[in-house]
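Given next are the chains, with one letter for each unit.
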Amino acid sequence: MDTQSIKWLRWAFNCKLWKPTAAEWLQANRCIQGEEMQRIERFVFQSPAISAMVGRLLLRKSVQTVTHLENKSIHFLRTSEGRPYLKDVNDLDVNVSHHGDWVVLALERNHQVGIDVMSLNRPINISIEEYFHLMRRQFTLSEWEQIKSADNSLHEFYRFWCLKESYVKATGVGLNLDLQKISFKVKEKLSADCFVISTEMRLDGSVEASDWLFEEKLLDSNHCVAVCTNPSPSSLSVSAVGSSTAQPQENYDTLQTNHRQKSFTVIPISDLLSLETINFNVGVDAWNNFNNKTFSSR
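Cut-offs and rules
Residues numbered from 1 in each chain as written. Predicted model: local features only at pLDDT ≥ 70, side-chain atom pairs only at ≥ 80, totals over all residues. Heavy atoms only, no water. Disulfide = S-S within 2.5 Å. Salt bridge = Lys/Arg side-chain N within 4 Å of Asp/Glu carboxyl O. Helix = DSSP H or I, 4+ residues; strand = E, 2+ residues; numbered from the N terminus. Buried < 20%, exposed > 50% of the residue type's maximum accessible area, 1.4 Å probe, protein only. Phe/Tyr/Trp six-rings, centres within 6.5 Å; stacked < 30°, edge-to-face > 60°. Lys NZ or Arg CZ within 6 Å of the ring centre and 35° of its normal. Expected span 1.5 Å × (residues − 1). Pairing = 2+ DSSP bridges. Core = buried A, V, L, I, M, F, W, Y, C linked by side-chain atoms within 4.5 Å. Axes fitted to C-alpha atoms, helices over the stretch in contact; angles between N-to-C directions. Parallel < 35°, antiparallel > 145°, perpendicular 65-115°, else oblique. Left-handed = near helix turned anticlockwise from the far one by under 90°. Contact = heavy atoms within 4.5 Å.

A. Highlighting the state of the cysteines. Counted by the stated rule, this structure contains zero disulfides. Of all cysteine sulfurs in the structure, the one in Cys 224 sits closest to Cys 162, which takes part in no disulfide; the separation is 3.8 Å.

Quick look at the structure:
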């Protein structure tokens with residue numbers, strides 16, 4: 001495979017299918033930075049610890065796949081908003097998300113990218129009506145009209161939430177963004193077969209943000225995902241990744257076609273654990289820390 005020709009990756013991992021053994025968990029810890037391991041150790045429950053670990057492994061494996069860098073040369077830092085970004089690699093942006101059973105990753109060369117995945121399960125210990133009321137300020141009136149007129153209002157709610165989160169994560173602004181300033185108009189129902197790319201975003205209620213593209217699909221019957229990318233090569237200069245050398249911009253129609261044709265590759269745990277060891281200070285305590293966490297179903 002010519003890794004220099006890889007312009008994007010869409011990866012997914014189903015955490016429900018991985019029950020880590022002691023050997024696997026120790027090897028996973030050996031493949032990540034020490035500070036990453038410490039973050040994961042602070043989780044109280046096993047499920048979020050597994051999701052966080054898979055997210056870190058996906059980040060490292062995806063960068064290695066595209067750059068051929070050794071694992072020891074891949075170093076992630078975090079912005080003030082907590083967004084991971086690559087140190088000393090200026091032409092790649094990569095983002096992960098996890099919720100429910102899935103951890104997902106999107107990588108782009110020369111473009112900003114953000115991704116979000118949501119389980120479509122009903123909220124716990126609260127009615128849908130109460131939940132919508134609680135979240136009423138997160139969506140515009142136009143968005144609420146679309147949500148409540150859909151065949152399944154809860155699923156549509158999660159779809160809109162994914163769209164907003166993917167944009168927030170692509171721009172790296174975190175909680176500083178007023179979600180009322182961005183509004184989406186959907187035109188197609190989600191499908192598991194291909195990405196929907198017709199959704200439009202407006203900023204501040206009137207100006208259509210045509211320089212952002214959104215890929216949406218169903219990962220399975222119970223999870224939706226949205227990917228946000230900026231086709232402008234110069235967009236990386238304002239992202240968490242840092243400045244980059246601008247590349248010729250692809251034709252917009254070509255970009256749209258390519259985005260619709262993209263699909264997620266499901267990555268096996270064996271691929272992630274094939275990363276080289278970089279953290280040699282991993283002992284049995286790492287397994288004990290995980291094994292003593294409270295088990296929780298997803």
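B. Broad picture of the pattern of salt bridges. The tally for this structure, following the rule as stated, stands at 13 salt bridges. Notably, a salt bridge pairs Arg 10 with Glu 108, separated by 2.6 Å at the nearest N-O pair. Taken together, the residues span a long stretch of sequence, with Arg 10 in strand β1 (residues 8-14) and Glu 108 in strand β5 (residues 102-109) at a distance of 98 residues. Owing to a relative accessible area of 1%, Arg 10 belongs among the buried residues under this scheme.

C. Structural context of the packing of aromatic side chains. Using the criterion set out here, one finds 15 aromatic pairs in the structure. In textbook terms, an aromatic cluster arises when at least three aromatic residues are bridged by ring pairs, as seen for Tyr 131, Phe 132, Phe 139, Trp 144, Phe 157, Tyr 158 and Trp 161. Here the basic side chain of Lys 148 rests over the ring of Trp 144, its NZ or CZ set 5.4 Å away from the ring centre. When the ring centre of Phe 195 is taken as origin, the NZ or CZ atom of Lys 217, which lies over that ring, is 5.5 Å away.

D. Fine view of helix α3 (residues 46-67). With 22 residues, α3 should reach 32 Å at 1.5 Å per residue; the first-to-last C-alpha distance of 32 Å fits that figure. Burial analysis of α3 places 19 of its 22 residues in the buried class, which makes it a mostly covered element. Immediately downstream of α3, the backbone of His 68 shows phi near 70°, a positive value.

E. Examining the pairing of strand β10 (residues 213-220) more closely. Burial of β10 is extensive: six of the eight residues sit out of reach of the surface. Direction of pairing for β10 relative to strand β11 (residues 223-229): antiparallel, over a ladder of seven bridges. What sits directly across from Leu 213, in β11, is Thr 229. The antiparallel pairing of β10 with β11 creates a hairpin that spans two residues between the two strands.

F. Structural context of the nonpolar core. Residues Phe 13, Trp 25, Val 54, Leu 57, Leu 58, Leu 105 and Leu 272 are the most contacted members of the largest nonpolar core, which totals 42 residues. Listed by contribution, the elements that provide at least two residues to this core are β1, α1 (22-30), α2 (34-41), α3, β4 (92-99), β5, α8 (269-272) and α9 (284-291). If one sorts the elements of this core by residue count, α3 sits on top with ten residues. Grouped together as the second largest cluster of nonpolar side chains are 29 residues, Met 118, Trp 144, Ile 147 and Met 201 included.

G. The packing of α1 against α3, seen in detail. At a closest axis distance of 10 Å, the pairing of α1 and α3 adopts a crossing angle of 45°. Taken as axis vectors, α1 and α3 run oblique relative to one another. With respect to the hand of their crossing, α1 and α3 are arranged in left-handed fashion. Contact residues: α1 offers Trp 25, Ala 28 and Asn 29, while α3 offers Ala 49, Ile 50, Met 53 and Leu 57.

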